[in-house]
Amino acid sequence: MAKAGDKSGSRVKKGLKRKATAEEPQETAVAEDGATESGVQPPKAAAFPPGFSISEIKNKQRRHLMFTRWKQQQRKEKLAIKKKLKKEREALGDKAPPKPIPKTIDNQRVYDETVVDPNDEEVAYDEATDEFASYFNRQTSPKILITTSDRPHGRTVRLCEQLSTVIPNSHVYYRRGLALKKIIPQCISRDFTDLIVINEDRKTPNGLILSHLPNGPTAHFKMSSVRLRKEIKRRGKDPTEHIPEIILNNFTTRLGHSVGRMFASLFPHNPQFIGRQVATFHNQRDYIFFRFHRYIFRSEKKVGIQELGPRFTLKLRSLQKGTFDSKYGEYEWVHKPREMDTNRRKFHL
Amino acid sequence: MAAVGARWNHVWVGTETGILKGVNLQRKQATNFTAAGQPRREEAVSALCWGAGGETQILVGCADRTVRYFSTEEGRFQGQQHCPGGEGTFRGLAQVHGTLITCVESGIVQVWNDNDKEASSDPLLELSVGPGVCRMRQDPAHPHMVATGGKENALKVWDLQGSKEPVFRAKNVRNDWLDLRVPIWDQDIQFLPESQKLVTCTGYHQVRVYDPASPQRRPVLEATYGEYPLTAMTLTPGANSVIVGNTHGQLAEIDLRQGRLLGCLKGLAGSVRGLQCHPSKPLLASCGLDRVLRVHRIRNPRGLEHKVYLKSQLNCLLLSGRDNWEDEPQEPKKAPPEDTETDELWASLEAAAKRKLPDLEQTQGPLQTRRRKKQRPGSTSS
């Protein structure tokens with residue numbers, strides 16, 4: 001009895017499987033399976049009431065079965081289409097149309113009118129006379145002060161030390177609970193050109209304030225994915241004292257230009273190519289990735305790179321005109337999530 | 001073209017690089033006007049106001065202490081006047097009966113004779129208002145009345161034709177709940193029409209209404225908005241409210257009868273430097289450090305109408321108050337020459353048509369070709 005029951009149950013299942021587009025209501029399925037116990041294949045799938053979908057079947061097992069069968073069929077069809085396309089391409093050979101480029105969010109980026117045109121005179125004048133003009137005219141050379149928020153923990157302290165090896169002519173000072181507004185006039189009197197403050201929360205660094213000193217803009221970044229030197233796999237030996245080269249990738253808009261120039265003004269103008277060290281600030285989708293590498297050209301086109309130095313990701317939160325004054329300063333750009341992050345294909349840097 | 005188009009610009013914006021931009025919102029175009037042909041940061045525009053004779057002349061106050069005269073009809077700068085005395089940039093510019101009123105940051109208010117042909121002449125009147133002035137505003141109803149205010153410089157209303165003492169000197173509010181003196185930082189002032197009242201917005205995110213007619217010198221109404229300094233303010237047409245902007249790019253409409261927030265406007269990303277409402281339409285133009293000029297609609301429905309990217313940081317703006325925004329004079333100017341050409345064409349055609357009318361075969365010819373053309377795609381026999 002039990003065996004017969006099992007057999008009928010399995011046959012019910014098999015009967016269900018045999019039906020190609022079987023989205024039948026349960027009763028008719030049972031009835032038909034009862035009729036086909038002799039093993040004859042059931043007739044073609046009965047007409048379903050229109051608008052019936054698999055999700056309306058109340059029985060979870062049967063619904064799952066229907067769904068897996070539908071999915072298998074979809075996969076088969078997709079594979080068949082792919083094979084057909086591939087055959088056609090091979091048949092055409094050279095005359096085949098070029099492969100369609102897949103759509104990515106970077107491809108589909110919304111047109112940004114603030115993207116800087118290299119021939120634009122107004123923007124060129126604006127940049128030639130902004131706060132970084134003295135650096136780009138080679139009148140001043142950078143001198144950086146690196147500090148943290150008050151009472152930093154080990155990770156932040158080590159990050160500061162490693163940053164000071166990456167950025168030439170930089171000095172790390174312990175923040176003795178001093179107010180930034182009081183530190184800044186002292187820095188200016190001692191000829192510092194930039195101030196970096198690494199903010200720490202719960203023993204990990206999570207923010208970066210970069211202030212250009214005489215009267216320059218202050219950028220506030222969110223910092224994430226911080227990897228210190230010992231956490232980087234397959235890294236090279238410690239960086240030397242040579243001045244690195246800089247790579248600034250993908251800072252296309254006007255805001256991106258301002259931020260890119262801020263980063264550029266941290267490093268001296270004359271990179272020492274003997275050192276073969278390069279610091280990269282790569283902007284993608286408004287996230288700025290900082291990497292520090294040592295490279296070696298093995299041939300004309302082949303390069304080997306070793307990652308040295310710390311690695312972190314930055315996201316711009318605000319750009320304030322003037323030195324650090326978060327309460328009363330005027331902001332050139334503030335990130336407003338509810339207004340600016342509504343479109344996945346819109347980026348600001 | 002630029003000269004002709006200069007008249008039809010809806011908004012005039014002054015930038016940090018010394019360029020005066022005329023923006024036509026219908027065509028979403030901006031034209032740059034510079035005095036010297038090249039942008040110069042020393043000429044950064046710090047104040048703009050309409051000149052004499054309706055909206056045909058603009059007075060541009062630059063950072064090098066010169067006031068330049070710009071003609072919208074001709075689209076070029078006509079002359080300038082150097083205004084020495086005091087330190088700092090212009091904080092207020094106004095014009096009255098052929099005289100020019102200027103106010104600089106160190107608190108010197110001067111009245112100059114408005115002739116740009118003469119070299120720097122001495123001012124007709126000079127007043128010292130107090131250091132740290134952030135704004136000087138002229139009463140549109142009484143052009144000789146002027147209000148000034150600034151950082152640690154309380155609101156004062158001056159009568160330029162009267163004595164050297166202010167007509168109204170505001171008093172600071174009472175000490176706060178910790179018995180500490182409340183600091184003063186008046187960033188923008190507006191005169192309310194049809195009354196003697198004034199509204200100020202402060203750097204400590206307060207909006208205050210003063211009434212010189214009432215016996216109290218303290219503010220009659222105080223409202224706060226946000227947590228950042230309010231930098232610009234404008235009155236809305238008709239309604240009893242003001243729109244304020246702060247250093248974070250937040251715009252808010254505040255009711256002056258009850259002192260409550262009516263609503264906010266979204267879109268700006270940088271500090272608001274200039275705000276102006278149209279006198280009759282519910283439109284608000286705003287400009288700021290994010291280099292974009294935006295025009296919002298204030299009511300039914302509240303939202304962004306136009307947005308124009310202007311490549312430099314914008315300092316101040318002037319919205320033209322005229323009603324006919326859609327008129328484009330260039331089209332009627334182009335139409336007459338075209339009309340004459342088409343008239344000639346029509347004349348020649350008519351003559352030809354008159355000749356062709358008695359011939360029926362020729363009229364059938366085009367019809368037949370049309371039939372042939374229609375048959376071609378589907379038919380096998382051509």
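Residues numbered from 1 in each chain as written. Chains lettered and ligands numbered in written order. Predicted model: local features only at pLDDT ≥ 70, side-chain atom pairs only at ≥ 80, totals over all residues. Heavy atoms only, no water.

Draft legend 1. Representation of the packing of aromatic side chains. Scanning all chains against the criterion turns up 17 aromatic pairs over all chains. Seen in terms of ring centroids, A:Phe281 and A:Phe290 are 5.1 Å apart; in terms of plane orientation they differ by 50 degrees. Their pairing is tilted. Measuring from ring centre to ring centre gives 5.8 Å for A:Tyr295 and A:Phe297, while their planes differ by 75 degrees; the resulting arrangement is edge-to-face. Assessed through its relative accessible area of 53%, A:Phe297 is described here as exposed. A connected cluster of aromatic rings, assembled from ring pairs, spans A:Phe221, A:Phe251, A:Phe263, A:Phe267, A:Phe281, A:Phe290 and A:Phe312. Sitting above the plane of the B:Phe90 ring, B:Arg65 keeps its charged end 5.8 Å from the centroid. One Lys or Arg, B:Lys151, reaches over the ring of B:Trp185 and ends 4.0 Å from the middle of that ring. (Phe/Tyr/Trp six-rings, centres within 6.5 Å; stacked < 30°, edge-to-face > 60°. Buried < 20%, exposed > 50% of the residue type's maximum accessible area, 1.4 Å probe, protein only. Lys NZ or Arg CZ within 6 Å of the ring centre and 35° of its normal.)

Draft legend 2. Local environment of a nonpolar patch on the surface. On the surface, a nonpolar cluster with roughly 310 Å² of combined accessible area is contributed by A:Phe297, A:Val303 and A:Ile305. Counting through the fold element by element, A:Val303 comes out in strand S9 (residues 303–321). (Patch = residues over 30% accessible without salt bridge, like charges linked within 9 Å, V, L, I, M, F, W, Y side chains within 5 Å. Areas by Shrake-Rupley, 256 points an atom, 1.4 Å probe, with all protein chains shown as cover. Salt bridge = Lys/Arg side-chain N within 4 Å of Asp/Glu carboxyl O. Helix = DSSP H or I, 4+ residues; strand = E, 2+ residues; numbered from the N terminus.)

Draft legend 3. Focus on the pattern of salt bridges. Counted under the stated rule, the structure contains 33 salt bridges over all chains. Between A:Arg285 and A:Asp106 there is a salt bridge, and its shortest N-O distance comes to 3.5 Å. Of the two residues, A:Arg285 sits in the loop between strand S7 (277–284) and strand S8 (287–297) while A:Asp106 sits in the loop between helix H3 (60–92) and helix H4 (121–128), which places them 179 residues apart along the sequence. Its relative accessible area of 37% is what places A:Arg285 among the partly exposed residues. B:Lys21 is the partner of A:Glu122 in a salt bridge, and the nearest nitrogen-oxygen pair spans 2.7 Å. Of this pair, A:Glu122 sits in helix H4 while B:Lys21 is found in strand S2 (residues 20–24), placing the two residues in two different chains. Of the two residues examined, A:Glu122 and B:Lys21, each falls in the buried class.

Draft legend 4. A look at the side chain of A:Ser318. Here A:Ser318 lies in strand S9. The exposure class of A:Ser318 is buried, given its relative accessible area of 9%.

Draft legend 5. Structural context of the nonpolar core. Residues and elements named next belong to chain A. In terms of nonpolar packing, the biggest core is built from 38 residues, with Ile196, Phe221, Phe263 and Ile288 touching the most fellow members. Residue contributions to this core peak at five residues, all from S9. Residues contacting Phe263, with those up to four places away along its chain left out, are Leu210, Phe221, Leu248, Phe251, Phe281, Ile288 and Leu314. (Core = buried A, V, L, I, M, F, W, Y, C linked by side-chain atoms within 4.5 Å. Contact = heavy atoms within 4.5 Å.)

Draft legend 6. Main features of the sheet that holds S2(B). Residues and elements named next belong to chain B. Here four strands make up an open sheet; going across it, the order is S3-S2-S1-S28 and the pairing antiparallel. Two strands close off the open sheet at either side, each with one partner strand: strand S3 (29–33) and strand S28 (314–319). Neighbour-to-neighbour, the strand axes of the sheet open up by a mean angle of 25 degrees, direction not taken into account. Looking at chain direction, S2 and S3 are connected through five bridges and run antiparallel. Each bridged residue has a counterpart across the sheet, and for Asn24 the counterpart in S3 is Gln29. (Pairing = 2+ DSSP bridges. Axes fitted to C-alpha atoms, helices over the stretch in contact; angles between N-to-C directions.)

Draft legend 7. Structural view of the sheet that holds strand S9 (residues 99–104) of chain B. Residue and element names in this part refer to chain B. Spatial ordering of the open sheet is given by S8-S9-S10-S11, a layout of four strands whose pairing is antiparallel. Looking at which strands have only one partner, the edges of the open sheet turn out to be strand S8 (90–96) and strand S11 (125–128). If you compare each strand with its neighbour and ignore which way they point, the axes differ by 15 degrees on average. Sheet topology places strand S10 (residues 108–113) next to S11; four bridges connect them, and they run antiparallel. Bridge pairing links Ile108 to Ser128 in S11.

Draft legend 8. Structural detail: helix H8 (residues 254–264) of chain A. Within H8(A), 10 of the 11 residues are buried, leaving the element largely enclosed by the surrounding structure. All of the buried residues along H8(A) are A:Arg254, A:Leu255, A:Gly256, A:Ser258, A:Val259, A:Gly260, A:Arg261, A:Met262, A:Phe263 and A:Ala264.

Draft legend 9. Up close: the interface of chain B and chain A. At the interface, 33 residues of chain B touch 23 residues of chain A. Roughly 2400 Å² is buried in total at the junction of chain B and chain A, and carbon and sulfur atoms are behind 47% of that figure. Per-residue buried area on chain B facing chain A is highest for B:Arg41, B:Tyr309 and B:Lys311; these three make up 25% of the total on that side. If you look at where chain B meets chain A, you find seven salt bridges. The salt bridge partner of B:Arg291 is A:Asp126, with a shortest N-O separation of 3.4 Å. Counting across the interface, chain B meets chain A through 20 residue pairs in polar contact (both at pLDDT 80 or more). Grouping the constituent residues of the side of chain B that touches chain A by class yields 10 nonpolar, 13 polar and 10 charged. (Buried area = accessible area lost by both parts, 1.4 Å probe. Polar contact = N/O pair within 3.5 Å; in protein donor to acceptor, adjacent residues only side chain to side chain. Nonpolar A, V, L, I, M, F, W, Y, C, P; charged D, E, K, R; others polar.)

Draft legend 10. A look at a positive patch on the surface. All names here are of chain A. On the surface, a cluster of positive charge is made up of Lys71, Arg75, Lys78 and Lys82. Mapping Arg75 onto the fold places it in helix H3. Accessibility expressed as a relative area gives 56% for Arg75, which makes it exposed. (Lys, Arg positive; Asp, Glu negative; His and termini not counted. Charge placed at Lys NZ, Arg CZ, Asp CG, Glu CD.)

Draft legend 11. The arrangement of the UniProt feature "domain: Brix" (unreviewed entry) in chain A in detail. Look at the UniProt record and you will see "domain: Brix" (unreviewed entry) annotated at residues 142–325 of chain A. End C-alpha to end C-alpha, residues 142–325 of chain A measures 22 Å, and it is 18% helix and 42% strand. (UniProt positions renumbered as here; feature names shortened; annotations may be inferred.)

Draft legend 12. Layout of the pairing of strand S14 (residues 153–159) of chain B. All names here are of chain B. By the criterion of burial, S14 is predominantly enclosed, with seven of the seven residues buried. The sheet contact formed by S14 and strand S15 (residues 168–169) spans two bridges and is antiparallel. Directly across from Lys156, in S15, lies its bridge partner Arg169.

Draft legend 13. Seen up close, the pairing of S9(B). All names here are of chain B. Of all six residues in S9, six are buried; the element is thus mostly enclosed. Every second residue of S9 is oriented toward a common face, with Thr99, Ile101 and Cys103 on one face and Leu100, Thr102 and Val104 on the other, all of them buried. Summarising the sheet, S8 and S9 pair through six bridges and their orientation is antiparallel. Counterpart to Phe90 in the pairing with S9 is Val104. Here S8 hands over to S9 after two residues, with His97 in that stretch at a positive phi of 45 degrees.

Draft legend 14. Region of interest: the confidence of the model for chain B. All names here are of chain B. Here chain B averages 84 in pLDDT, and 83% of its residues register 70 or above. Low pLDDT, under 50, characterises residues 331–337; the stretch is placed with two contacts to residues that sit more than four places away or in other chains. Listed scores for the predicted complex are pTM 0.80 and ipTM 0.81. (pLDDT = per-residue confidence, 0-100.)

Draft legend 15. Region of interest: unusual backbone geometry. All names here are of chain B. Cis peptide bonds are those with omega within 30 degrees of zero, and the linkage from Asn300 to Pro301 qualifies with -20 degrees. Backbone geometry places Arg65, a non-glycine residue, at a positive phi of 65 degrees. Structurally, Arg65 is set in the loop between strand S5 (57–62) and strand S6 (66–71). Despite not being glycine, His205 has its phi angle at roughly 50 degrees, a positive value. In this structure, His205 sits in the loop between strand S17 (198–202) and strand S18 (206–210). Using a relative accessible area of 26% as the deciding quantity, one classes His205 as partly exposed.

Draft legend 16. Representation of the state of the cysteines in the model. All names here are of chain B. Tallying each qualifying case throughout the model produces zero disulfides over all chains. With no disulfide of its own, Cys134 lies 9.7 Å from the sulfur of Cys201, the closest cysteine sulfur. By relative accessible area, which is 13% here, Cys134 ends up buried. Of all cysteine sulfurs, the one in Cys277 lies closest to Cys264, which takes part in no disulfide; the gap is 15 Å. Taking relative accessible area as the criterion, Cys264 reaches 39% and is therefore assigned partly exposed. (Disulfide = S-S within 2.5 Å.)

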